[in-house]
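Now for the letters of each chain:
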Amino acid sequence: MRMAQAKPPLPGDPARREAFEAEALAYVDSLYRTALRLTRVPADAEDLVQDTYLKAFRAADTFQPGTNLRAWLFTILHNTARNRARDRARDSVTIDSEVV
């Protein structure tokens, strides 16, 4: 008869998720300062940080415990900012030729 071995915590484990969220939220101030430096608009910086946390919490199961969570969050922040800037650059500008 085999003995049951302890299972590692599942990615959806509530205790693991709670610890991840608590550690991630500890970086909100430094993420906001960086977002403000990137956007130079407080409302845009808040939106950028919110999107960063939304993406991070959705992908929390892919984060490897024991690695650098702060660096992971800043990577998400910078990639999100870059994607937003690229999307804004693609937006077409409409000009009313009669007004000009």
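Preceding this paragraph is the structure being described.
Below: a short report on this structure. (Residues numbered from 1 in each chain as written. Predicted model: local features only at pLDDT ≥ 70, side-chain atom pairs only at ≥ 80, totals over all residues. Heavy atoms only, no water.)

A count of helices and strands for the protein gives four helices and zero strands. When the elements of the protein are put in sequence order from the N terminus, they spell out α-α-α-α. Burial status across the protein gives 21% buried among its 100 residues. Expressed as a percentage of contacts within the protein between residues at least 6 apart in sequence, the contacts between residues at least 24 apart total 65%. Carbon and sulfur atoms form 54% of the exposed surface of the protein, whose accessible area is close to 7,800 Å². (Helix = DSSP H or I, 4+ residues; strand = E, 2+ residues; numbered from the N terminus. Buried < 20%, exposed > 50% of the residue type's maximum accessible area, 1.4 Å probe, protein only. Contact = heavy atoms within 4.5 Å. Areas by Shrake-Rupley, 256 points an atom, 1.4 Å probe, with all protein chains shown as cover.)

Turning to the side chain of Thr-34, a few remarks are in order. Looking at where Thr-34 falls in the secondary structure, it is placed in helix H2 (residues 28-39). Leave out the neighbours within four places in its chain, and Thr-34 touches Phe-74, Leu-77 and His-78.

Glancing now at the pattern of salt bridges. On inspection of all chains with the given rule, the structure shows four salt bridges. The partner of Arg-90 in a salt bridge is Asp-87, with the nearest N and O atoms 3.9 Å apart. Taken together, the positions of Arg-90 and Asp-87, both in helix H4 (residues 69-90) and three residues apart, correspond to about one turn of that helix. Judged by relative accessible area, Arg-90 falls into the exposed class, the value being 60%. Where salt bridges share partners, they join Arg-17, Glu-21 and Asp-61 into one cluster. (Salt bridge = Lys/Arg side-chain N within 4 Å of Asp/Glu carboxyl O.)

Turning our eyes to something else, we now look at the packing of H2 against H4. Their axes nearest at 11 Å, the elements H2 and H4 cross at an angle of 25°. Classed by the angle they form, the pair H2 and H4 counts as roughly parallel. Handedness of the H2/H4 crossing: right-handed. For the pair formed by H2 and H4, the contact residues are Ser-30, Leu-31, Thr-34, Ala-35 and Leu-38 on the first element and Arg-70, Leu-73, Phe-74, Leu-77, His-78 and Ala-81 on the second. Its residues assigned to classes, the contact of H2 with H4 comprises seven nonpolar, three polar and one charged. (Axes fitted to C-alpha atoms, helices over the stretch in contact; angles between N-to-C directions. Parallel < 35°, antiparallel > 145°, perpendicular 65-115°, else oblique. Left-handed = near helix turned anticlockwise from the far one by under 90°. Nonpolar A, V, L, I, M, F, W, Y, C, P; charged D, E, K, R; others polar.)

Counting residues in each nonpolar core, the largest one holds 17 residues, and the members touching the most others are Leu-31, Ala-35, Val-49, Leu-69, Leu-73 and Leu-77. Secondary-structure elements contributing two or more residues to this core are helix H1 (14-25), H2, helix H3 (42-58) and H4. In this structure Leu-73 touches Ala-24, Tyr-27, Leu-31, Thr-52 and Ala-56, once residues within four positions along its chain are discounted. (Core = buried A, V, L, I, M, F, W, Y, C linked by side-chain atoms within 4.5 Å.)

On to the packing of aromatic side chains. For the structure shown, the criterion picks out five aromatic pairs. Of the aromatic side chains, those joined through ring pairs into one cluster are Phe-20, Tyr-53, Phe-57, Phe-63 and Trp-72. (Phe/Tyr/Trp six-rings, centres within 6.5 Å; stacked < 30°, edge-to-face > 60°.)

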